[in-house]
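# Secondary and tertiary structure notes
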There are 2 protein chains.
Amino acid sequence: MDHRCEHDAAASVGLKGSALAQALDQAGSRCDSDGQRLTAPRRRVLELLLGAEGPVKAYDLIAAFGVDGEAAKPPTVYRALEFLERQGFAHRIESLNAYVACRLGADTHAAAFLICDCCGATREIEPAGADVLVASAGRDGFVVTNLTVEAHGLCAACRAS
Amino acid sequence: MDHRCEHDAAASVGLKGSALAQALDQAGSRCDSDGQRLTAPRRRVLELLLGAEGPVKAYDLIAAFGVDGEAAKPPTVYRALEFLERQGFAHRIESLNAYVACRLGADTHAAAFLICDCCGATREIEPAGADVLVASAGRDGFVVTNLTVEAHGLCAACRAS
DNA sequence: GCTGGAAGTGTTATGAAATAACATTACATC
DNA sequence: GATGTAATGTTATTTCATAACACTTCCAGC
Ligand SMILES: [Zn+2]
Ligand SMILES: [Zn+2]
Ligand SMILES: [Zn+2]
Ligand SMILES: [Zn+2]
């Protein structure tokens with residue numbers, strides 16, 4: 001789980017400037033049409049996630065929350081994260097105790113991640129094979145409402161070295 | 001995640017008596033042939049997991065550790081859990097912060113769980129579709145060493161009510 | 001059998017992650 | 001502008017997990 005090598009974490013680059021503003025506006029629009037409110041703290045946490053280069057710990061969000069360097073109170077951030085997750089704007093990565101902005105857009109969806117245990121790079125992927133599992137569960141009468149897949153391993157860069 | 005209904009958690013029944021003893025002996029044998037040691041604390045934690053009816057929290061293991069009702073120290077149990085997971089005798093369920101004995105036997109393997117958010121029943125299943133995902137990751141140069149799938153939803157019993 | 005190193009354990013203390021509980025404020029609807 | 005709901009602010013606490021270091025057990029090689 002920790003970085004055990006000297007590689008650049010080739011994680012998805014965080015959004016900046018107008019790209020960031022645009023992504024936030026998009027989120028705002030989707031909230032509007034869904035009857036949801038992208039309030040200030042929610043927007044701020046999403047901004048931090050979108051701007052980050054990889055998964056972010058809750059307490060790092062808490063520390064970075066205030067524009068003036070002032071920390072937030074934990075519930076402020078945890079509530080925002082809960083909302084963002086519910087709306088499909090963010091995912092929690094259970095095996096890291098960390099959070100990422102969704103990079104696949106669209107609605108709430110099964111989340112799948114490839115997590116390099118060497119450099120820490122984390123990539124959200126289409127959950128290939130998820131339909132098979134959901135169908136298999138359905139045959140037993142189990143209805144899946146939420147599915148998470150977390151694959152740990154080594155990325156191409158770290159394997160090469 | 002909490003029990004929100006009055007159903008019996010139709011979880012896998014915990015092992016007792018000779019079945020439990022046999023399972024522990026089997027684990028011991030497998031450790032022997034693998035050059036591993038199923039020491040007393042490891043064996044005790046595995047015993048607690050095998051005897052439980054579902055996922056168990058680490059601090060519940062800590063509290064139940066002493067046969068005389070005396071609690072263990074956290075590192076004792078966490079180390080044992082780490083070992084049991086490494087050997088494939090137990091799994092950590094990330095989305096519950098809880099641990100279960102592996103019910104599929106055999107070696108270390110991808111773990112998949114169906115978790116009923118209503119009654120709490122948790123079932124380990126064969127990770128259908130996992131091969132597809134691993135193959136897909138492999139095409140990108142990512143080698144999966146460890147895969148976890150956690151599906152939340154409603155079990156047949158809870159859906160029926 | 002002694003011995004040296006590795007693996008495992010005991011113990012104390014601390015750190016990290018998340019939530020409970022309750023007061024207060026914003027917001028839409030009537 | 002009254003009313004109810006959703007969201008936020010704030011304090012405190014709970015839950016989960018690990019760091020650090022001393023001590024013991026085990027086994028291989030002498
Ligand atoms: Zn996503
Ligand atoms: Zn890597
Ligand atoms: Zn298993
Ligand atoms: Zn159920």
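These figures come from a predicted structure and were not determined experimentally.

All names here are of chain B. Judged from the four bridges that link them, strand β4 (residues 111-116) and strand β5 (residues 122-125) form a sheet pairing that is antiparallel. In the strand pairing of β5, A112 is matched with I125. Once β4 ends, the chain turns through five residues before running back antiparallel as β5, passing G120 with a positive phi of about 85°.

Moving on: the sheet that holds strand β5 (residues 143-154) of chain A. With mixed pairing, six strands are arranged side by side in an open sheet as β4(A)-β3(A)-β5(A)-β6(B)-β4(B)-β5(B). Unpaired on one side and paired on the other, β4 (122-125) of chain A together with β5 of chain B mark the two borders of the sheet. Strand-to-strand twist in this sheet, taken as the mean axis angle between neighbours without regard to direction, amounts to 20°. Across the sheet, helix α5 (residues 130-139) of chain A touches β5 of chain A together with β4, β5 and β6 (143-154) of chain B, and the angle it forms with β5(A) is around 135°. The strands touched by helix α5 (residues 130-139) of chain B within the sheet are β3 (111-116), β4 and β5 of chain A together with β6 of chain B, with β6(B) carrying the most contacts at an inclination of about 135°.

Next up on the list: the relation of the copies chain A and chain B. Between chain A and chain B, the superposition needs a rotation of 180° and an axial shift of 0.0 Å, giving an RMSD of 0.1 Å. Here the copies are linked by what is in effect a two-fold axis. Counting the interface residues of chain A, we find that 100% of their copies in chain B are interface residues as well, pointing to one common contact surface.

A word on the coordination of the zinc ion (ligand 4). Residue and element names in this part refer to chain B. In the first shell of the zinc ion (ligand 4), the protein supplies C116 (SG), C119 (SG), C155 (SG) and C158 (SG), at 2.2 to 2.4 Å from the metal. Around the zinc ion (ligand 4) sit four donor atoms, and with donor-metal-donor angles ranging over 106 to 111° the site reads as tetrahedral. In primary-sequence terms, the residues that donate to the zinc ion (ligand 4) follow C-x2-C-x35-C-x2-C. In this pair, C116 sits in strand β4 while C155 sits in the loop between β6 and α6 (156-160), placing the two residues 39 residues apart along the sequence. Here C116 and C155 have matching classes, each one buried.

Not every one of the 19 residues close to DNA strand D is listed here, only the nearest: T39(A), R79(A), K57(B), Y59(B) and R92(B). Counting only the atoms of DNA strand D within 4 Å of the protein, the fraction contributed by sugar and phosphate is 50%. One of the side-chain nitrogen or oxygen atoms of R79(A) is found 2.6 Å away from a base oxygen of DNA strand D. With respect to DNA strand D, the side chain of R92(B) contributes an N or O atom lying 2.6 Å from a phosphate oxygen.

This brings us to the packing of helix α1 (residues 17-33) of chain B against helix α2 (residues 40-51) of chain B. Relative placement of two packed helices is described by the angle separating their axes and the distance separating the axes. Residue and element names in this part refer to chain B. Closest axis-to-axis distance for the α1/α2 pair is 10 Å, and the angle between their directions is 135°. It follows from the interaxial angle that α1 and α2 lie oblique. Considering how the two elements wind past one another, α1 and α2 form a crossing that is right-handed. Counted together, L20, A23, L24, D25 and A27 of α1 and R43, L46, E47, L50 and G51 of α2 form the full contact between these two elements. Taken together, the residues that form the contact of α1 with α2 break down as six nonpolar, one polar and three charged.

Let us look at the coordination of the zinc ion (ligand 1). Residue and element names in this part refer to chain A. The coordination sphere of the zinc ion (ligand 1), as far as protein atoms go, consists of H91 (NE2), C102 (SG), H109 (NE2) and E124 (OE), spread over 1.9 to 2.2 Å. Sequence spacing of the donor residues for the zinc ion (ligand 1), all on one chain, is H-x10-C-x6-H-x14-E. Pair noted here: H91 is in strand β1 (residues 90-93) and C102 is in the loop between β2 (98-101) and β3, with a separation of 11 residues, a long-range link. No difference in accessibility class separates H91 from C102, as the two residues are buried.

What follows is about the interface of chain A and chain B. Between chain A and chain B, the residue contacts involve 34 residues of the former and 34 residues of the latter. When chain A packs against chain B, the two sides together hide about 2,600 Å² of surface, and 63% of this comes from carbon and sulfur. The residue D140(A) makes a salt bridge to R123(B) at a minimum N-O spacing of 2.8 Å. Joining chain A to chain B, the criterion identifies 14 residue pairs in polar contact (both at pLDDT 80 or more). Counting only elements with at least two residues in the side of chain A that touches chain B, the list comes to β3, β4, α5, β5 and α6 (156-160) of chain A. Sorting elements by how many residues they give to the side of chain A that touches chain B places β5(A) first, with 12 residues. Here the side of chain A that touches chain B is composed, by residue class, of 19 nonpolar, nine polar and six charged. Pairing of β5(A) with β6(B) involves 11 bridges; the strand directions are antiparallel. The residue bridging A151(A) from the neighbouring strand is L147(B), located in β6(B).

Cut-offs used in this document
- Residues numbered from 1 in each chain as written.
- Chains lettered and ligands numbered in written order.
- Predicted model: local features only at pLDDT ≥ 70, side-chain atom pairs only at ≥ 80, totals over all residues.
- Heavy atoms only, no water.
- Pairing = 2+ DSSP bridges.
- Helix = DSSP H or I, 4+ residues; strand = E, 2+ residues; numbered from the N terminus.
- Axes fitted to C-alpha atoms, helices over the stretch in contact; angles between N-to-C directions.
- Contact = heavy atoms within 4.5 Å.
- Least-squares fit on C-alpha atoms with pLDDT ≥ 70 in both.
- Donors = N, O, S within 2.8 Å, 3.2 Å for Na, K, Ca; no water.
- Tetrahedral: all angles 85-135°; square planar, octahedral: opposite > 155°, others 65-115°.
- Buried < 20%, exposed > 50% of the residue type's maximum accessible area, 1.4 Å probe, protein only.
- Near = heavy atom within 4 Å.
- Polar contact = N/O pair within 3.5 Å; in protein donor to acceptor, adjacent residues only side chain to side chain.
- Parallel < 35°, antiparallel > 145°, perpendicular 65-115°, else oblique.
- Left-handed = near helix turned anticlockwise from the far one by under 90°.
- Nonpolar A, V, L, I, M, F, W, Y, C, P; charged D, E, K, R; others polar.
- Buried area = accessible area lost by both parts, 1.4 Å probe.
- Salt bridge = Lys/Arg side-chain N within 4 Å of Asp/Glu carboxyl O.

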